[in-house]
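Structural overview
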Amino acid sequence: MSRELFHEISRRDFLKLCATVTAALGLSESFIPRVAEALAASAAKPPLLWLEMGSCSGCSTSFLNSDAPDIANVVLNILSVRYHETIMAAQGEMAEKVIEDTVKNEAGKYIVVIEGVIPTKPGYGMIAGKQMADVLKEVSGKALAVLAVGSCASFGGIPGASPNPGGVKPVSEIIGKEKVVNLPGCPANPIWLLSTVTNYLLYKSLPRLDRYGRPLFIYEQSVHDNCPRRASFDEGRYVERFGQPEEKADYCLVKMGCKGPETYSNCPQVRWNGGKNWCIGSGAGCIGCVEPNWPDQFSPFYDRLPDIKLGSVRTTADTVGAVLGAATVVGLGAHAVVSVIQGKGFGKHDAGEKTSKSE
Ligand code: SF4
Ligand code: SF4
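Criteria and thresholds
Residues numbered from 1 in each chain as written. Chains lettered and ligands numbered in written order. Predicted model: local features only at pLDDT ≥ 70, side-chain atom pairs only at ≥ 80, totals over all residues. Heavy atoms only, no water. Helix = DSSP H or I, 4+ residues; strand = E, 2+ residues; numbered from the N terminus. Contact = heavy atoms within 4.5 Å. Areas by Shrake-Rupley, 256 points an atom, 1.4 Å probe, with all protein chains shown as cover. Axes fitted to C-alpha atoms, helices over the stretch in contact; angles between N-to-C directions. Parallel < 35°, antiparallel > 145°, perpendicular 65-115°, else oblique. Left-handed = near helix turned anticlockwise from the far one by under 90°. Nonpolar A, V, L, I, M, F, W, Y, C, P; charged D, E, K, R; others polar. Near = heavy atom within 4 Å. Buried < 20%, exposed > 50% of the residue type's maximum accessible area, 1.4 Å probe, protein only. Arc of directions from axis to C-beta. Phe/Tyr/Trp six-rings, centres within 6.5 Å; stacked < 30°, edge-to-face > 60°. Lys NZ or Arg CZ within 6 Å of the ring centre and 35° of its normal. Pairing = 2+ DSSP bridges.

1. Side note on the overall build of the chain
- Within the chain one finds 16 helices and 10 strands.
- Taking as baseline every contact in the chain between residues at least 6 positions apart, the subset at least 24 positions apart corresponds to 75%.
- Carbon and sulfur atoms make up 54% of the accessible area of the chain, which amounts to about 16400 Å² in all.

2. Digging into the packing of helix α5 (residues 71-78) against helix α10 (residues 190-203)
- It is at 10 Å that the axes of α5 and α10 come closest, and there the two elements cross at 30°. The angle between α5 and α10 places the two elements in the roughly parallel class. Here α5 and α10 pass one another in a crossing that is left-handed. Note on element contacts: α10 touches α5 through Pro190, Ile191, Leu194, Val197 and Leu201, opposite Ile71, Val74, Val75 and Ile78.
- Among the residues making up the contact of α5 with α10, the classes are represented as nine nonpolar, no polar and no charged.

3. Overview of the site of ligand 2
- Lining the immediate surroundings of ligand 2 are Thr263, Ser265, Cys267, Trp272, Trp278, Cys279, Cys286, Ile287, Gly288, Cys289 and Val290.
- Here the residues of the shell around ligand 2 sort into eight nonpolar, three polar and no charged.

4. Structural notes on helix α7 (residues 132-140)
- Buried within α7 are the following residues: Met132, Ala133, Val135, Leu136, Val139 and Ser140. An end-on view of α7 places all buried positions within 160° of arc, on one side of the element.

5. Thoughts on the packing of aromatic side chains
- Taken as a whole, this structure holds seven aromatic pairs when the rule is applied.
- Centroid distance Phe233 to Tyr238: 6.3 Å. Interplanar angle 70°. Geometry classified as edge-to-face.
- Look at Phe233 and you get buried, because its relative accessible area is 0%.
- Its relative accessible area of 7% is what places Tyr238 among the buried residues.
- Feature note: the residues Trp192, Tyr219 and Trp272 constitute an aromatic cluster, connected by ring pairs.
- One cation-aromatic arrangement involves Lys204 over Tyr200; the distance from NZ or CZ to the ring centre is 5.9 Å.
- Across from the ring centre of Tyr251, 5.7 Å away, lies the NZ or CZ of Arg237, which sits over that ring.

6. Describing the sheet that holds strand β1 (residues 47-52)
- Strand order in the open sheet made by the five strands is β2-β1-β3-β6-β7, with parallel pairing throughout. Each edge of the open sheet is held by one strand with a lone partner, namely β2 (80-84) and β7 (180-183). Between one strand axis and the next, the sheet turns by 20° as a mean value, whatever way the strands run.
- Where strand β6 (residues 145-149) lies against β7, four bridges are found, and the strand directions are parallel. Directly across from Val149, in β7, lies its bridge partner Leu183.

7. So, the site of ligand 1
- Close contacts around ligand 1 come from His224, Cys227, Arg229, Arg230, Phe233, Cys252, Leu253, Val254, Cys258, Gly260, Pro261 and Ile280, and that covers them all.
- Looking at the shell around ligand 1 residue by residue, the class counts come to eight nonpolar, two polar and two charged.

In structure tokens, the structure reads:
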């Protein structure tokens with residue numbers, strides 16, 4: 001399928017992509033040749049079945065529109081894509097037979113990508129006359145791995161938000177967690193799918209996961225810890241209103257509702273659209289789209305976080321601004337600042353995480 005639909009990638013773009021994937025995997029530059037070899041030597045070509053359940057097709061769109069480098073082209077060349085409703089030519093019974101044959105003849109060898117939620121109320125989501133939950137069970141039973149791509153498949157996402165009329169569930173609540181790798185994001189970044197597949201090609205095993213089933217190499221560190229606006233946060237420089245020069249001058253967006261302190265992903269490092277830019281880079285706060293309880297516990301998106309984790313304490317944006325601003329003037333380090341906040345009773349010790357925290 002891939003050869004007819006996708007143009008070849010240039011060597012320059014390919015090497016750039018290998019460098020990006022190597023960095024995304026947390027490997028040193030010396031691994032770039034090994035990553036290039038894994039991506040170029042596609043002889044094994046694990047079969048891939050990509051099924052869209054209850055979704056807006058946003059993750060497919062994000063993946064298929066990736067360019068410079070053309071991630072879709074690379075993934076579709078290293079895997080043997082048998083089924084993808086949006087791009088396949090086959091339809092009807094012929095398309096369903098592809099699934100049937102792959103499950104029957106390549107047990108334990110094929111990868112399943114699931115995009116979207118699984119409705120549990122009868123009639124809310126059907127494929128070829130079958131309930132989506134039944135299709136998922138049939139297809140995933142003999143799969144090598146199931147990649148739940150996007151926030152819907154991973155955690156329920158927007159369709160799973162209250163009041164959830166279809167009783168939708170994420171993939172792991174239908175088939176168990178055992179072989180599921182969650183790649184949340186609304187949509188998921190194409191580089192997350194490529195780096196997860198590359199990790200498998202390199203090590204012949206699934207990546208280490210956090211307690212929410214997300215690869216640690218993608219979702220271990222907070223957006224806040226690696227944000228280019230972090231120096232502004234630390235020094236008390238905040239955007240107070242959108243459209244002002246401070247936004248362009250990389251002031252911190254926490255007062256505009258940025259959820260970066262409670263969000264764990266490598267967005268600041270890999271960014272979007274071939275590394276060109278990302279949410280915070282364009283002046284919008286992070287809305288926490290990769291987290292398990294998103295969007296319910298992260299909305300309204302422009303409301304400030306009620307408190308912020310700073311070292312071992314929780315405090316507020318206003319307190320951080322006041323204390324850190326003063327601390328900068330007298331030259332206090334971050335540790336001393338935390339002590340100041342604790343000592344003044346501005347913050348409280350963690351009573352438990354509000355959202356996720358990678359393990
Ligand atoms: S609050 Fe948001 S904009 Fe500010 S430093 Fe943290 S992640 Fe960056
Ligand atoms: S920066 Fe935040 S909102 Fe933007 S894609 Fe990353 S996790 Fe989602």
